[in-house]
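Commentary on secondary and tertiary structure
Residues per chain, in single letters:
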Amino acid sequence: MTPVLEARGLEIAYGRARAVDGVDLEVRQGEIVALVGESGCGKSSLARALVGLVRPTRGEIRYQGAPLDYRRLKEYRRHVQLILQDPGGALNPRQTVRAAVAEGPRLHGLKGDGVNGDRVTSALAKAGLRPPEDYLRRYPHELSGGQQQRVVIAGALALEPSVIVADEPVASLDASVRGEILKLILGLRDELGMSALVVSHDLGLAWNIADRVAVMYLGRIVETGTVEEVLIRPRHPYTRAMLAAASGTATPLQGEPPDPARIPAGCRFHPRCASRTDECGSIDPPVRAGVACHLTVLEEIS
Ligand code: SF4
């Protein structure tokens, strides 16, 4: 089946910094993919490119199999919506909930009625703000952080997109409401068949929400697979190190923090890799069977 959203050979450079350095990624219909990695690994640049906010230096984005046409970005953004981390910053303090949620449809010249009747109230209900009428006249300061994030999500849903790209959607929320927002994203997948790419530094979040996981390190996807494959049987040393640090069985990764302006030769993870061999400093491993590591190939051959 053609993926809903794809990145193919994607590169994004800011001067000398290669923030995204050759990424292939796909999100299929009705699937939630978690894109995980340390801050600065390029995952937010990749997310922005996927919604058309950043134009790649090389490679392409495809939606429903067709390359993204940058002359028709507005139409594209109806289908692929971005949700950011900080709902307080995303909402205008002087705008009511009704105005905030109606903004997207207004900009896109859409009628007040969508597939399920009134766009604003049905989007609020889908985002879990029920009854929606109770929220229409409220201002952001009258809402909790979790409710604000639901309003932001309702604003995206009002356009009836097929994919949402959520960049750290719960990172700024209290632990008590994080689960509710993740449950909401799962519900959108289950009830509306929506697809989502959820960007996070937190492997625990991937476990709770994702069907598949893509692990990013210094501009590349170094491991990808189902949640069980990646989080229970990780093969890439970086994924293993992240998991060990997250479970408290090892200290966080040592070595210099990765710098996209100085990507090491060979395997980009080799300066910090506990499993490196002599060839790791000179040969850049391609992604094979979902993993970019010489060692995995050798393990599979032996
Ligand atoms: Fe480590 Fe070498 Fe594998 Fe890179 S290729 S992750 S340095 S073992």
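See the structure printed just above.
Bear in mind that the values here come from a model prediction, so they are computed numbers and not experimental data.

**Quick notes on the packing of aromatic side chains**
Here the structure, examined in full by the defined rule, presents four aromatic pairs. Ring centres of Tyr 63 and Tyr 76 lie 5.8 Å apart, and the angle between their planes is 85°; this geometry places the pair in the edge-to-face category. Of this pair, Tyr 63 sits in strand β4 (residues 58-63) while Tyr 76 is found in helix α2 (residues 73-79), placing the two residues 13 residues apart along the sequence. Like Tyr 76, Tyr 63 is buried. Taken together, a centroid distance of 4.6 Å and an interplanar angle of 55° make the contact between Tyr 217 and Tyr 238 tilted. Of this pair, Tyr 217 sits in strand β11 (residues 212-217) while Tyr 238 sits in helix α10 (residues 237-246); the two residues are 21 residues apart in sequence, bridging distant segments of the chain. There is no split in this pair, since Tyr 217 and Tyr 238 are both buried. Feature note: the residues Tyr 217, Tyr 238 and Phe 269 constitute an aromatic cluster, connected by ring pairs.

**What about the site of the ligand?**
What surrounds the ligand is a group of 13 residues, the closest being Cys 267, Cys 273, Cys 280, Cys 293 and His 294. The class makeup of the residues in the shell around the ligand is eight nonpolar, four polar and one charged.

**A closer look at the sheet that holds strand β3 (residues 32-36)**
Strand order in this open sheet of six strands is β6-β9-β10-β3-β11-β12, and the pairing throughout is mixed. Lying at the two open borders of the sheet, with one neighbouring strand each, are β6 (80-83) and β12 (220-226). If you compare each strand with its neighbour and ignore which way they point, the axes differ by 15° on average. In the sheet, β11 pairs with β12 via six bridges, with the strands oriented antiparallel. Looking at β12, one finds that Val 215 is bridged to Glu 223. Sheet strands in contact with α10 are β11 and β12, and its direction is about 100° off that of β11.

**Let's talk about helix α1 (residues 43-50)**
Taken across its eight residues, α1 has six buried, putting it largely inside the fold. Regarding α1, the residues found buried are Lys 43, Ser 45, Leu 46, Ala 47, Ala 49 and Leu 50. One or two positions beyond α1, positive phi appears at Gly 52, with a value near 85°.

**A look at a negative patch on the surface**
Judged by side-chain charge, Asp 113, Asp 118, Glu 133 and Asp 134 come together as a negatively charged surface patch. Tracing the chain through its elements places Asp 113 in strand β7 (residues 113-114).

Definitions and limits used
Residues numbered from 1 in each chain as written. Predicted model: local features only at pLDDT ≥ 70, side-chain atom pairs only at ≥ 80, totals over all residues. Heavy atoms only, no water. Phe/Tyr/Trp six-rings, centres within 6.5 Å; stacked < 30°, edge-to-face > 60°. Helix = DSSP H or I, 4+ residues; strand = E, 2+ residues; numbered from the N terminus. Buried < 20%, exposed > 50% of the residue type's maximum accessible area, 1.4 Å probe, protein only. Near = heavy atom within 4 Å. Nonpolar A, V, L, I, M, F, W, Y, C, P; charged D, E, K, R; others polar. Pairing = 2+ DSSP bridges. Axes fitted to C-alpha atoms, helices over the stretch in contact; angles between N-to-C directions. Contact = heavy atoms within 4.5 Å. Patch = residues over 30% accessible without salt bridge, like charges linked within 9 Å, V, L, I, M, F, W, Y side chains within 5 Å. Areas by Shrake-Rupley, 256 points an atom, 1.4 Å probe, with all protein chains shown as cover. Salt bridge = Lys/Arg side-chain N within 4 Å of Asp/Glu carboxyl O. Lys, Arg positive; Asp, Glu negative; His and termini not counted. Charge placed at Lys NZ, Arg CZ, Asp CG, Glu CD.

By themselves, these figures tell us nothing about what the structure is for.
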